[in-house]
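Observations on the model geometry
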Amino acid sequence: MLVHDTDVTSGGQFIEVRSGNNSPGNVPEDGYAVYQFSVDKAGTYKIWGRVKIDMADEDAFRVKMDEDAWVKWKGIEVGCKWHWDEVHENRNNNQVMTYYLTAGSHTLVFTYCMDQTRPDKLLITKDLDYIPTEKGPHAEAVMSISSKTPTANETLRFDGSASSSTEGSIATYAWEFDGEKTARGVMASHTFKEVGKHNVKLIVTDKIGLTGRVTKQ
């Protein structure tokens, strides 16, 4: 699995199955994304995925909830844009999957079937009629800089106050300068000693745990 940064996805990143990794017949031995989550109330839940499929032979994932059997999520609509699709079992007439979950912790495992498939996010909901749109519930990181033409040895001020979340306020701000986690808080200052290109990343998390990130050079 590869992880890419981009502003067009809901959290600022997406996963891509590395080219050449195909396992249409069997569940692969590696390339898993494992998500631990909790639900407050027992009930029947559905899983949505925000995905991007470029070609018809790249339209498949596998999904496993807790100790249930693997689901072959194949037959996703092909298109050049990110879109939402319900997890369905291709081997059972594309039946939309629902899961009865007890209150407490659960594990969702996601892996590949075809290469170059791209998931942005997974949404688990008890509202079986809910249809997510656009980026769905998400936090968005927004960064501004004090200078449009920064120079070496200049103290630069970075501001993340324009960041937001669809689900409430931002709780934490974390700044990375050239890959090093060096500051926290809505604002940060940094001085680059060397002339050249430098990367600045802002990672924000809202009060319910949704994370957004943005990187500028």
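Above this note sits the structure.
Residues numbered from 1 in each chain as written. Predicted model: local features only at pLDDT ≥ 70, side-chain atom pairs only at ≥ 80, totals over all residues. Heavy atoms only, no water.

Next up on the list: the sheet that holds strand 5 (residues 60–65). Taken in spatial order, the 4 strands make up an open sheet running 3-11-5-6, and their pairing is antiparallel. Since the sheet does not close on itself, it has two edges, and those belong to strand 3 (33–39) and strand 6 (71–74), each with one partner. Taking each pair of neighbouring strands and ignoring which way they run, the sheet shows an average axis angle of 25°. Pairing between strand 5 and strand 11 (residues 104–112): 5 bridges, direction antiparallel. By the bridge assignment for strand 11, Phe 61 is matched with Tyr 112. (Pairing = 2+ DSSP bridges. Helix = DSSP H or I, 4+ residues; strand = E, 2+ residues; numbered from the N terminus. Axes fitted to C-alpha atoms, helices over the stretch in contact; angles between N-to-C directions.)

A side chain of one charge can pair with a side chain of the opposite charge when the charged atoms of the two come close. Throughout the structure, instances matching the rule amount to 8 salt bridges. Between Lys 46 and Glu 86 there is a salt bridge; the shortest N-O distance is 2.9 Å. Placement of the pair is Lys 46 in strand 4 (residues 43–52) and Glu 86 in strand 7 (residues 83–86), with a sequence separation of 40 residues. Accessibility expressed as a relative area gives 8% for Lys 46, which makes it buried. When the shortest N-O distance is used, the salt bridge between Lys 74 and Asp 59 registers 2.9 Å. Here Asp 59 lies in the loop between strand 4 and strand 5 and Lys 74 lies in strand 6, a separation of 15 residues in the sequence. (Salt bridge = Lys/Arg side-chain N within 4 Å of Asp/Glu carboxyl O. Buried < 20%, exposed > 50% of the residue type's maximum accessible area, 1.4 Å probe, protein only.)

Note on sheets: strands pair through backbone hydrogen bonds, and any given pair is parallel or antiparallel. In space, the 3 strands of this open sheet follow the order 14-15-19, with antiparallel pairing throughout. Of all the strands in the sheet, the pair left with one neighbour each is strand 14 (144–145) and strand 19 (187–191). In the sheet, strand 14 pairs with strand 15 (residues 155–159) via 2 bridges, with the strands oriented antiparallel. From the neighbouring strand, Ser 144 faces strand 15, where its bridge partner is Asp 159.

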